[in-house]
Amino acid sequence: MTPDHPPGPPGGLHHVEIWVPDLDRAATSWGWLLGELGWTAYQSWPAGRSWRHGPTYLVLEESPALSSRRHDRLAPGLNHLAFHAGPPAAVDRLVALAPGYGWSLLFADRHPYAGGPQSYAGYLTDGSGYEVELCASSLPVPGG
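We now turn to the structure provided with this report. (Residues numbered from 1 in each chain as written. Predicted model: local features only at pLDDT ≥ 70, side-chain atom pairs only at ≥ 80, totals over all residues. Heavy atoms only, no water.)

**With respect to the overall build of the protein**
Part 1 of the argument: Looking only at helices and strands, the protein features two helices and eight strands.
Part 2 of the argument: Tracing the protein from N to C terminus, the helices and strands come up as β-α-β-β-β-β-α-β-β-β.
Part 3 of the argument: Against the 2.2 N^0.38 benchmark of 15 Å for 144 residues, the protein shows a C-alpha radius of gyration of 16 Å, consistent with a compact globule.
Part 4 of the argument: Counting 8 positive and 13 negative side-chain charges, the protein places the centres of these two groups 2 Å from one another. (Helix = DSSP H or I, 4+ residues; strand = E, 2+ residues; numbered from the N terminus. Rg over C-alpha atoms; globule rule 2.2 N^0.38 Å. Lys, Arg positive; Asp, Glu negative; His and termini not counted. Charge placed at Lys NZ, Arg CZ, Asp CG, Glu CD.)

Dropping the structure here:
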């Protein structure tokens, strides 16, 4: 461990590395979203960027070994990453701002209950096909 990366609890997530086909596009969309969710810029190199949240970090890398230029969330492998996003108003705010940073709303006809009536969330996809779920910490207060 380096001094700027403290150890996490056993079993906790250390890092996630996502290979992207366009680092600049991904850094714009993911960098905005991660920053809004409290992640901080961590590392930067010609083929990658990373952001950290506590002991966990997320890497975006444009590897020369990519076998495809588009992620298919419906194929075997990663479907989506889900983030705690705060109260319902915070989810609504992020969903409203997201298109300006390259994100599109999925399941718009069922938003924000696409996960069911007991789940308030925004499902977004970026320009490369990666999906995130922004989970509210609670359900909205009726009439509030």
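**Structural notes on the packing of aromatic side chains**
Part 1 of the argument: Across all of its chains, the model carries six aromatic pairs by this definition.
Part 2 of the argument: A centroid spacing of 6.1 Å and a plane angle of 85° characterise the contact between Trp-39 and Phe-83, whose relative ring orientation is edge-to-face. You can see Trp-39 sitting in the loop between helix H1 (23-36) and strand E2 (40-45) and its partner Phe-83 sitting in strand E5 (residues 80-86), a full 44 residues away along the chain. The same class applies to Trp-39 and to Phe-83, which are both buried.
Part 3 of the argument: Between Phe-107 and Tyr-123, the aromatic rings sit 5.4 Å apart at their centres with planes inclined by 80°, giving edge-to-face as the arrangement. (Phe/Tyr/Trp six-rings, centres within 6.5 Å; stacked < 30°, edge-to-face > 60°. Buried < 20%, exposed > 50% of the residue type's maximum accessible area, 1.4 Å probe, protein only.)

**Focus on the sheet that holds strand E1 (residues 15-19)**
Part 1 of the argument: Across the sheet, four strands lie side by side as E1-E4-E3-E2; this open sheet has mixed pairing. The open sheet has two free edges, formed respectively by E1 and E2, since each of these has just one partner strand. Within the sheet, the average angular offset between the axes of one strand and its neighbour, ignoring direction, is 15°.
Part 2 of the argument: Bridging between strand E3 (residues 48-53) and strand E4 (residues 56-61) involves six bridges; their strand directions are antiparallel. The residue bridging His-53 from the neighbouring strand is Thr-56, located in E4. (Pairing = 2+ DSSP bridges. Axes fitted to C-alpha atoms, helices over the stretch in contact; angles between N-to-C directions.)

**Re H1**
Part 1 of the argument: Taking 1.5 Å per residue as the helical rise, H1 with its 14 residues ought to reach 20 Å, and the 19 Å between its terminal C-alpha atoms agrees with that figure.
Part 2 of the argument: Buried residues of H1: Leu-23, Ala-26, Ser-29, Trp-30, Gly-31, Trp-32, Leu-33 and Leu-34, and no others.
Part 3 of the argument: The inward-facing, buried residues of H1 contact E1, E3, E4, E5, helix H2 (88-97) and strand E8 (131-136).
Part 4 of the argument: Phi for Gly-38, located one or two positions after H1, is positive at around 95°. (Expected span 1.5 Å × (residues − 1). Contact = heavy atoms within 4.5 Å.)

**Quick notes on the side chain of Thr-56**
Part 1 of the argument: Position of Thr-56 among the secondary structure elements: in strand E4.
Part 2 of the argument: One polar contact links the side chain of Thr-56 to the main-chain carbonyl oxygen of Leu-13, over a distance of 2.7 Å.
Part 3 of the argument: In this structure Thr-56 touches Leu-13, His-14, Trp-39 and Trp-51, once residues within four positions along its chain are discounted. (Polar contact = N/O pair within 3.5 Å; in protein donor to acceptor, adjacent residues only side chain to side chain.)

**Quick notes on the pairing of E4**
Successive side chains on a regular strand alternate, one facing one side of the sheet and the next facing the other.
Part 1 of the argument: When you tally the buried positions in E4, you get six out of six residues, the bulk of the element.
Part 2 of the argument: Burial of E4 is two-sided: the residues Thr-56, Leu-58 and Leu-60 facing one way and the residues Tyr-57, Val-59 and Glu-61 facing the other way are all buried.
Part 3 of the argument: Where E1 lies against E4, five bridges are found, and the strand directions are parallel. Note on E4: the bridge partner recorded for Glu-17 is Val-59.

**Let's talk about the layout of surface pockets**
Part 1 of the argument: Taken as a whole, the largest pocket holds about 270 Å³ of empty space.
Part 2 of the argument: Lining the largest pocket we find 13 residues, and of these Trp-39, His-53, Ala-82, Phe-83 and His-84 sit closest to its centre.
Part 3 of the argument: Elements represented by at least two residues in the lining of the largest pocket include exactly E4 and E5.
Part 4 of the argument: At four residues, the largest contribution of residues to the lining of the largest pocket is made by E5.
Part 5 of the argument: Per-class residue counts for the lining of the largest pocket are ten nonpolar, three polar and no charged. (1 Å grid on protein atoms, 1.4 Å probe; cavity = no way out; pocket = protein on both sides within 12 Å on 5 of 7 lines; lining within 4 Å. Points joined across faces, edges and corners; volume = space filled by probe spheres on them. Nonpolar A, V, L, I, M, F, W, Y, C, P; charged D, E, K, R; others polar.)

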